[in-house]
Amino acid sequence: MNDTSDSSVESEGVEEFLGEKPRPRWRRWMKFWLPALILVLLVLAISTCSGDDQEVTYITEDTTEGSLDLTVTATGNLRPTNQVTVGAEVNGPVEQVLVDVNDQVTRGQVIAVINTEIIDQQIAQARANLNAARAGLLQAQATLDVDTAQLNRLIEVRELSGGRVPSQIELEQAEAAVARDRAAVASARANIQAAQATLGGNLTTRSRAVIRAPVTGVVLARQIEPGQTVVASFNTVTLFVIAEDLAAMQLRVSIDEADVGQVESGQEATFTVDAYPGRRFPAEVQRVDLASGNTVDSQNGAAAAAAGGSVVSYEARLIVQNSEGLLRPGMTATATIATESTGQILLVPNAALRFRPDNEEESEGGMLSVSVGLEDQEQEARIGAGSRQQVQVLQEDGTLRAINVVTGQSNGRLTAVQSEDLEAGMKVVTGVQAQAQ
């Protein structure tokens, strides 16, 4: 005992001799009490974490009974049911333009007139040629009559003279003259037909200089002005675009190849346009094209698709009623096509099919944190039509009851299921509410 006190005194004397301040007593004993404190805190932490007196709070949703409607979404543009491009087949300056964009027109109505001075001159020349051909026919017919009469006289004289006169040569010459005259008459008649055809063509060309509406509808586009020269060479010049009856339109949308198998004629659909937000217009699928809308050719199409540079889509046409006149050609529309309906059947949330009670203790976070059974890879249940799954039903005493179900179609949030034990109104567990730390 004296040795310890002596060593302590000696240590203090050394510190004073060296000029250092003496250390506090608690620092000198730190190597003893610090490990003991850490051990006590560790024991308290373990006992707190291992405590199971906290009540688990489950998040539930009611099992419902209803119809699950599956849909396919696609985007496209509105177009007239019948859109006609009006062109010009004659050359010349435009004299009159009688309609403008948005004007209503009827079939046969004059909408533009092209100058016909050159065509009128051609018509006058064709009529003169026709008159000349008719005069040529009269002349050829007269010559034929004279030569025919001469031939008849020679035949009569030969019969009266007993074949002595005229000579055989003279008779053959007369017969050849009649044959030539008959050919001249046929040629004159052919010339008349040719002149009539030329005149008829010129008259048709002149009639086409007066542009008429081919259908009853509304003018969508006008591409000419008075005084503009129209030159119709190899391609027909476009003057107007007329839409027939905008009360009935069509919506053409692109269907992704992953969804095209679900879309068919006769299915009902709805669509929206940016011009009328929040309003849905009805439509009906008219047809789905068999060929895709890709522009890549057959040689490099496979390579482009493999490289991810090509998206295969198919065009679908939907019938749209536009009795109010709100819809306009060219509007971009997003269509939702109803492809299938399950009818009245039990529906459960997809989260209930993914929930596993084995993982309910692994949730972390605050009071509002929710565990939906997706943190661990083993919790990710693959939900497919016809697969056997389990849902956990919360009973009145707070315990869970596992019920086997067979899954059907799903819309991404709800899944149709079949089960002998599951009933509408039962509360299925979708997750666990984490306890406050």
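Residue indices follow the written sequence of each chain, beginning from 1 at its first position. For this predicted model, a pLDDT threshold of at least 70 governs which residues receive local features, and a threshold of 80 or more governs which side-chain atom pairs are given and counted, while totals over whole chains, interfaces and linings are taken from all residues. Side-chain numbers here rest on the full set of heavy atoms in the structure, without hydrogens or water.

1. Let's talk about the side chain of Gln389
This is how it is decided: Every helix listed is a DSSP run of H or I at least four residues long, and every strand listed is a run of E at least two residues long, numbered separately from the N terminus. Under the scheme applied here, a residue whose accessible area is under 20% of the maximum for its type counts as buried, over 50% as exposed, and between as partly exposed, the area being computed with a 1.4 Å probe on protein chains only. Between N or O atoms, a polar contact is any pair within 3.5 Å; within protein, one atom must be a potential hydrogen donor and the other a potential acceptor, and residues adjacent in sequence are included only when both atoms are from side chains.
Looking at where Gln389 falls in the secondary structure, it is placed in strand β15 (residues 388-394). Judged by relative accessible area, Gln389 falls into the buried class, the value being 11%. Within the structure, Gln389 has its side chain in polar contact with the side chain of Ser387 (distance 3.3 Å).

2. A look at the nonpolar core
Note the threshold: What we call a nonpolar core is a set of buried Ala, Val, Leu, Ile, Met, Phe, Trp, Tyr and Cys residues that are connected through their side-chain atoms within 4.5 Å.
Ile111, Phe240 and Ile242 are the most contacted members of the largest nonpolar core, which has 39 residues in total. Looking at this core, the elements with two or more residues in it are β2 (64-88), β3 (92-97), β5 (110-114), α4 (117-160), α5 (168-208) and β9 (237-256). The element best represented in this core is α4, accounting for ten residues. Formed by 22 residues, the second largest nonpolar core is a distinct cluster that contains Val72, Ile255, Phe281 and Val285.

3. Describing the packing of aromatic side chains
The test is simple: When the centres of two rings from Phe, Tyr and Trp lie within 6.5 Å, Trp using its six-membered ring, the rings pair. Their planes under 30 degrees apart give stacked, over 60 give edge-to-face, and anything left gives tilted.
Applying the stated rule across the entire model yields two aromatic pairs. Seen from their ring centres, Phe271 and Phe281 are 5.5 Å apart, and the 25° between their planes marks the pair as stacked. In this pair, Phe271 sits in strand β10 (residues 268-273) while Phe281 sits in strand β11 (residues 281-292), placing the two residues ten residues apart along the sequence. No difference in accessibility class separates Phe271 from Phe281, as the two residues are buried. Each ring, one from Tyr276 and one from Phe281, has its centre 6.1 Å from the other, and the planes form 70°; the classification is edge-to-face.

4. A look at the pattern of salt bridges
Condition: A carboxyl oxygen of Asp or Glu within 4 Å of a side-chain nitrogen of Lys or Arg is what we treat as a salt bridge.
Counted by the stated rule, this structure contains eight salt bridges. Linking Asp120 and Arg206 is a salt bridge whose minimum nitrogen-to-oxygen distance equals 2.6 Å. Residue Asp120 is found in helix α4, and its partner Arg206 is found in helix α5; the two are separated by 86 residues along the sequence. Residues Glu225 and Arg222 are paired through a salt bridge, measuring 2.7 Å at the closest nitrogen-oxygen approach. Among the ionic contacts, a cluster of salt bridges with common partners joins Asp100, Arg222 and Glu225.

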